[in-house]
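# Coordinate inspection notes
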Amino acid sequence: MSNWKNEQEARNEIKELVTEYYHAFKEKKEPYQKGQRISYAGRVFDEKEMCALTDATLDFWLTTGRFSEQFEKEFAQWLGVKHAHLVNSGSSANLIAFSVLTAPELGNRQIKRGDEVITVACGFPTTITPILQYGAVPVFVDVTVPQYNIDVTKLEAALSEKTKAVMIAHTLGNPFDLAGVKAFCQKHNLWLVEDNCDALGTTYTIDGETRYTGAWGDIGTSSFYPPHHMTMGEGGCVYTNDSLLNRLILSYRDWGRDCICPSGHDNFCGHRFDGQFGQLPKGYDHKYVYSHFGYNLKVTDMQAAIGCEQLKKFPSFIEARRHNWERLHAALESYQDKLILPEPATNSKPSWFGFLISVKPESGLNRNDVTRYIEDHQVQTRLLFSGNIIKHPCFDQLRDTDAYRVAGSLEATEFILNNTFWVGVYPGMTDEMIDYMAKTIIEAIAQ
């Protein structure tokens, strides 16, 4: 029989046991040994995340609750935005970000079927999936090497009378030319959605003002999947400074409802039974009035509890990523006769997600041969996601239709598709691991 005097005493004892468990079974005790697999990414955590998760589990609230509210408040403050709302993944964050731009409340700026959205083909599919799902038309523009981001000199040529938005990602921590893209959007009254899933913690300066990426556009998105800059296991976030977009984000995330009651609260506005909506009878319960075709994409409080502790560690994660990237870059600088090394965008300070490398075709090397050697020597590699999304099977039924448009050539995109790969720089890597990665890459291009 327990001698606990109250619930808090019981929680404290349980969390003390969780802490002991972490140190006994989860804490990394052995240093890296040559021959061990080096992953491109991984979770970095300690007993604090496990205890926070335990706290949320003991609450047994399960859905969005106190930890979610805490994270949203602290994350918004850290990022420097007015509003931040958790969702269950970065892909869902992109879906919500685009969904809100289709709302009728936006008037002549509402994105409708057939309207165009400028984006890139060289990236992750979920940046463009919502565009297609809503019947809008993605317009693909080429990128630049070695920044691996949208070529802003191609934007005007991609513009049409149907263009309503630009929705693009910052590539592996390196921001796209925000000054150029933002000026283009302002000139033509276009929405700007920043897919910030791979660049959380990156800063960019325009006219002397420095902000985090994701905070420059109308809407920003983040992912908290385990390989990302910080993790909740699964999870994502949508953020904005615009009060109307904020209201729409909540609606589309929470079933499309008109009500703004927080989870677990009734009659937050004090007018639950006296409104008139659509063709419903007067006084219809406002909690069940739906102003949009939405979803349930909320995060659980267990995930958010992990995020609250990760956020405390996040500044050190950013610095570790920068250190690892710079160490690897220095080790490979002498081999630029065969390799194209990445370059940070002007006016930026990236929070690197990975280290991009392109094999120069004139070197006689083949990218697949290089990555095969690196993988065979226990270093994990990745390609730049889709390389060129329109060449994937998901586009088989869309080719030769008006479902999408390509503005100009995709010459650099094709180059990346055939010649580019990347390795990780996540905070769990040590100098010994970075040095071994560099040594292995050098050996690979010497074969």
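The structure contained in this document is the topic of the report that follows. (Residues numbered from 1 in each chain as written. Predicted model: local features only at pLDDT ≥ 70, side-chain atom pairs only at ≥ 80, totals over all residues. Heavy atoms only, no water.)

## As for the packing of helix H1 (residues 7-26) against helix H2 (residues 47-59)
Between two packed helices, the angle of one axis relative to the other and the distance separating the axes together describe the packing. Filter applied, for reference: Every axis in this analysis is a line fitted to C-alpha atoms, fitted for helices over the stretch in contact. Angles between the N-to-C directions lie between 0 and 180 degrees. Secondary structure is summarised from DSSP: a helix means a run of H or I of at least four residues, a strand means a run of E of at least two, and numbering begins at the N terminus for each. To sort the angles, those under 35 degrees are grouped as roughly parallel, those over 145 as roughly antiparallel, those from 65 to 115 as roughly perpendicular, and the leftovers as oblique. The hand of a helix crossing depends on one turn: near helix anticlockwise from the far one by less than a right angle means left-handed, and clockwise means right-handed. Contacts are residue-level and defined by heavy atoms, with any inter-residue pair within 4.5 Å sufficient.
Between H1 and H2, whose axes approach to 9 Å, the crossing angle comes to 140°. Classed by the angle they form, the pair H1 and H2 counts as oblique. The handedness of the crossing between H1 and H2 comes out as right-handed. Listed contacts from H2 to Arg11, Ile14, Lys15, Val18, Thr19, Tyr21, Tyr22, His23 and Lys26 of H1 are Glu47, Met50, Cys51, Thr54, Asp55, Leu58 and Asp59.

## Some details on the environment of Ala10
Using the following cut-off: For the exposure calls, accessible area comes from a 1.4 Å probe over protein chains only, and a residue counts as buried if that area is under 20% of its type's maximum, exposed if over 50%, partly exposed in between.
Tracing the backbone through its elements, the reader meets Ala10 in helix H1. Judged by its relative accessible area of 10%, Ala10 is buried.

## Thoughts on the sheet that holds strand S11 (residues 348-349)
Spelled out, the test is: Only strands joined by at least two bridges in the DSSP assignment are considered to pair.
Strand order in the open sheet formed by three strands is S7-S6-S11, with antiparallel pairing between adjacent strands. A single partner strand is all that each edge strand has here, and the edge strands are strand S7 (209-212) and S11. Pairing geometry for strand S6 (residues 203-206) and S11, over two bridges, is antiparallel. Paired with Thr203 across the two strands is Lys349, which belongs to S11.

## Observations concerning a nonpolar patch on the surface
Filter applied, for reference: Each patch groups residues whose relative accessible area exceeds 30% and which form no salt bridge, using 9 Å between like charges and 5 Å between nonpolar side chains of Val, Leu, Ile, Met, Phe, Trp and Tyr. Methods summary: accessible areas were calculated by the Shrake-Rupley approach with a probe of 1.4 Å, and residue burial reflects only the protein chains presented. The term salt bridge refers to a pairing of a side-chain nitrogen on Lys or Arg with a carboxyl oxygen on Asp or Glu at a separation within 4 Å.
A cluster of nonpolar side chains, contributed by Trp255, Tyr284, Tyr288 and Tyr290, occupies part of the molecular surface with about 460 Å² of accessible area. By secondary structure assignment, the location of Tyr290 is in the loop between helix H8 (243-253) and helix H9 (301-332). The exposure class assigned to Tyr290 is partly exposed, which follows from its relative accessible area of 47%.

## What about the pattern of salt bridges?
All chains considered together, the criterion is met by 27 salt bridges. The network of salt bridges with shared partners includes Glu7, Arg11, Lys15, Asp55, Asp59 and Arg66.

## Description of the packing of aromatic side chains
We count it as follows: Side-chain rings of Phe, Tyr and Trp, where Trp is taken by its six-membered ring, are said to pair if the distance between their centres is within 6.5 Å; with planes under 30 degrees apart they count as stacked, over 60 as edge-to-face, and otherwise as tilted.
Applying the stated rule across the entire model yields 19 aromatic pairs. Centroid distance Phe385 to Trp422: 6.2 Å. Interplanar angle 70°. Geometry classified as edge-to-face. Here Phe385 is found in the loop between helix H10 (367-376) and strand S13 (405-406), whereas its partner Trp422 is found in strand S14 (residues 420-424), with 37 residues between them in sequence. Judged by its relative accessible area of 28%, Phe385 falls in the partly exposed class.

## Topic: the sheet that holds S13
Reading across from one edge, S1-S9-S8-S5-S4-S2-S3-S13 is the order of the eight strands in this open sheet, with mixed pairing throughout. A strand with exactly one partner marks an edge of an open sheet, and here the two such strands are strand S1 (83-87) and S13. Relative to strand S4 (residues 163-169), strand S2 (residues 116-120) is paired through three bridges, and the arrangement is parallel. Directly across from Val117, in S4, lies its bridge partner Ala165.

## Quick word on H8
Think of an α-helix as turning once every 3.6 residues; residues three or four places apart then point the same way. Stated precisely, the cut-off is as follows: Polar contact is defined as a pair of N or O atoms within 3.5 Å, subject to the rule that within protein one atom must be able to donate a hydrogen and the other to accept it, and that residues adjacent in sequence are counted only when both atoms are side-chain atoms.
Listed in full, the buried residues belonging to H8 are Leu245, Asn246, Leu248, Ile249, Ser251, Tyr252 and Arg253. If you follow the buried residues of H8, they end up packed against helix H3 (66-79), S1, helix H4 (90-100), strand S5 (191-195), strand S8 (219-223) and strand S9 (236-240). Taking the backbone nitrogen of Leu244 as reference, a side-chain oxygen 2.9 Å away marks Asp242 as the first, capping residue of H8. Within two residues after H8, Trp255 carries a phi angle of roughly 70°, on the positive side.

## Describing a negative patch on the surface
Where we set the bar: By the counting scheme adopted, Arg and Lys are positive, Glu and Asp are negative, and His together with the chain ends is not counted. We put the charge of a Lys on NZ, of an Arg on CZ, of an Asp on CG and of a Glu on CD.
The grouping of Glu9, Glu13, Glu16 and Glu20 at the surface amounts to a negative patch. Note on placement: Glu16 falls in helix H1.

## Looking at the pairing of S5
Worth spelling out the cut-off: When the strands point away from the viewer and the connection leading from the first strand across the helix to the second strand turns clockwise, the crossover is called right-handed.
For S5, a buried count of five out of five residues is recorded, marking the element as mostly surrounded by other parts of the structure. Neither face of S5 is exposed, since Trp191, Val193 and Asp195 on one face and Leu192 and Glu194 on the opposite face are all buried. Taken together, the five bridges between S4 and S5 define a ladder with parallel strand orientation. Following the sheet pairing, Ala169 is matched in S5 by Asp195. Following the chain from S4 across helix H7 (residues 178-188) to the adjacent parallel S5, one finds a crossover that is right-handed. Note: S5 against S8, three bridges, orientation parallel. If you follow Glu194 over to S8, its bridge partner there is Gly220.

## Brief notes about unusual backbone geometry
The residue after Val145, namely Pro146, is reached through a cis peptide bond having omega 20°. Tracing the chain through its elements places Pro146 in the loop between strand S3 (137-141) and helix H6 (155-158). One non-glycine residue, Gln378, lies in positive phi territory at about 70°. Tracing the backbone shows Gln378 in the loop between H10 and S13.

## Quick word on the nonpolar core
Put simply, the test is: By nonpolar core we mean a set of buried residues, namely Ala, Val, Leu, Ile, Met, Phe, Trp, Tyr and Cys, connected to one another through side-chain atoms within 4.5 Å.
Within the largest apolar cluster, 33 residues are counted, with the highest numbers of intra-cluster contacts made by Val100 and Leu101. Elements that contribute at least two residues to this core include exactly H4, S4, S5 and H8. At six residues, H4 tops the list of elements feeding residues into this core. In this structure, Leu101 is in contact with Leu106, Arg109, Gln110, Ile111, Trp191, Val193, Ile219 and Leu245, ignoring residues within four places of it in sequence. Core analysis: the next-biggest nonpolar cluster, separate from the first, contains 32 residues, Ala41, Cys122, Val166 and Trp422 among them.

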